[in-house]
Amino acid sequence: MTNWAEGRIALVTGATSGFGDAVARQVVAAGGRVIAVGRREDRLHALRDDLGDRLHPLVLDLTDRDAIGAAVAGLPADFDEIDILFNNAGLALGLTSAQEGRIAQWREMIATNVTAVTELVHAVLPGMVARGRGDIVNMSSVAATYPYPGGNIYGATKAFVRQFSLNLRADVVGTGVRVTSVEPGMCDTEFSTVRFDGDKGAADKVYANMTPLSADDIANAVTWILQQPRHVNINAIELMPMQQAFGPFAVKRDD
């Protein structure tokens, strides 16, 4: 199924690196077109240089709620019938306990991981329903299910994404629109560097002496989901590297 994306248009957020970049490349390679969304204009144009006119770069700050609807409404005619939404942009900031957390970081995570996801779905879903086809793939995380110290707001935002996806699925039954929550474990992308304020050394320690998932691993899963026969909906898919598993219960012993 080398041309599985032929005639399809995908809106991919967070396309300037990691999962978004990898999915954009796979969609274009399979004959589709991509609206590549990100804040870093230079990277979007470099991606356009690589992939050609099947990619439309869209510079957009997803924390600007008003800009999202306007950007979708203002797409050129040959890119405006979106039938794949890859809601990928997201971030984790810090690993501090909730009692020491920085409210500005909490707000940014909620704005990007929750509010932007809902705004994009609200902007794109009616068109999918009207056309009787579409795929919404939302990036959640194993953090939605398995809590860990310091994952307070990030885990909560990803739990929202997972539950939002399941509730969307309930709403769109019979419309021709499919919805999937993708929930990866440890992946080596820029994600960890962002979490540690650009400290690459601290980010690298997260993956020391183990083999994490890669951006291509996640892109392969996403494009597999999109290639399923139309009567098949993958509700949720959870992936972890072989060297990661679920943590034991935390117990604080008295001295």
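Bear in mind the structure is a predicted one, so any value in this text is a computation, not a measurement. (Residues numbered from 1 in each chain as written. Predicted model: local features only at pLDDT ≥ 70, side-chain atom pairs only at ≥ 80, totals over all residues. Heavy atoms only, no water.)

(A) Region of the structure containing helix α4 (residues 103-131). If you check α4, its first and last C-alpha atoms are 41 Å apart, about what 29 residues at 1.5 Å a residue would give, namely 42 Å. Along α4, the helix axis deviates most sharply at A111, where the bend reaches about 35°. (Helix = DSSP H or I, 4+ residues; strand = E, 2+ residues; numbered from the N terminus. Expected span 1.5 Å × (residues − 1). Bend = angle between axes of the 7 residues up to and from the residue.)

(B) The sheet that holds strand β3 (residues 55-59), seen in detail. Strands sit in the order β3-β2-β1-β4-β5-β6-β7 across an open sheet of seven strands; the sheet is parallel. Whereas interior strands pair on both sides, the edge strands pair on one side only; in this sheet they are β3 and β7 (236-239). Across the sheet, the axes of successive neighbouring strands diverge by a mean angle of 15°, strand direction being ignored. Bridge count between strand β1 (residues 9-13) and strand β2 (residues 33-38): five bridges; the pairing is parallel. If you follow I9 over to β2, its bridge partner there is R33. Across the sheet, helix α2 (residues 41-51) lies against β2 and β3, angled at about 175° from β3, the strand it touches most. Packing against the sheet, helix α5 (residues 152-171) makes contact with β5 (134-139), β6 (177-184) and β7, and its axis sits at approximately 160° to β6. (Pairing = 2+ DSSP bridges. Axes fitted to C-alpha atoms, helices over the stretch in contact; angles between N-to-C directions. Contact = heavy atoms within 4.5 Å.)

(C) The nonpolar core, seen in detail. Ranked by internal contacts, the top residues of the largest apolar core, which has 35 residues, are V34, F86, V182, I218 and V222. Residue assignment for this core shows that the elements contributing at least two residues are β1, α1 (18-29), β2, α2, β4 (84-87), β5, α8 (215-226) and β7. Top contributing element to this core by residue count: α8, with seven residues. If we skip the residues at most four places from it in the chain, V34 touches A10, V12, A24, V27, V28, R54, L55, H56 and F79. Membership of the second largest hydrophobic core comes to 28 residues, among which are I9, I68, V72 and L168. (Core = buried A, V, L, I, M, F, W, Y, C linked by side-chain atoms within 4.5 Å. Buried < 20%, exposed > 50% of the residue type's maximum accessible area, 1.4 Å probe, protein only.)

(D) How the structure looks around the pairing of β2. Burial runs high along β2: five of the six residues are buried. Once the chain exits β1 it traverses α1 before rejoining the sheet at β2, and the crossover so formed is right-handed. Pairing of β2 with β3, which is carried by five bridges, proceeds in the parallel orientation. The residue bridging I35 from the neighbouring strand is H56, located in β3. (Right-handed = clockwise from strand over helix to strand, strands pointing away.)

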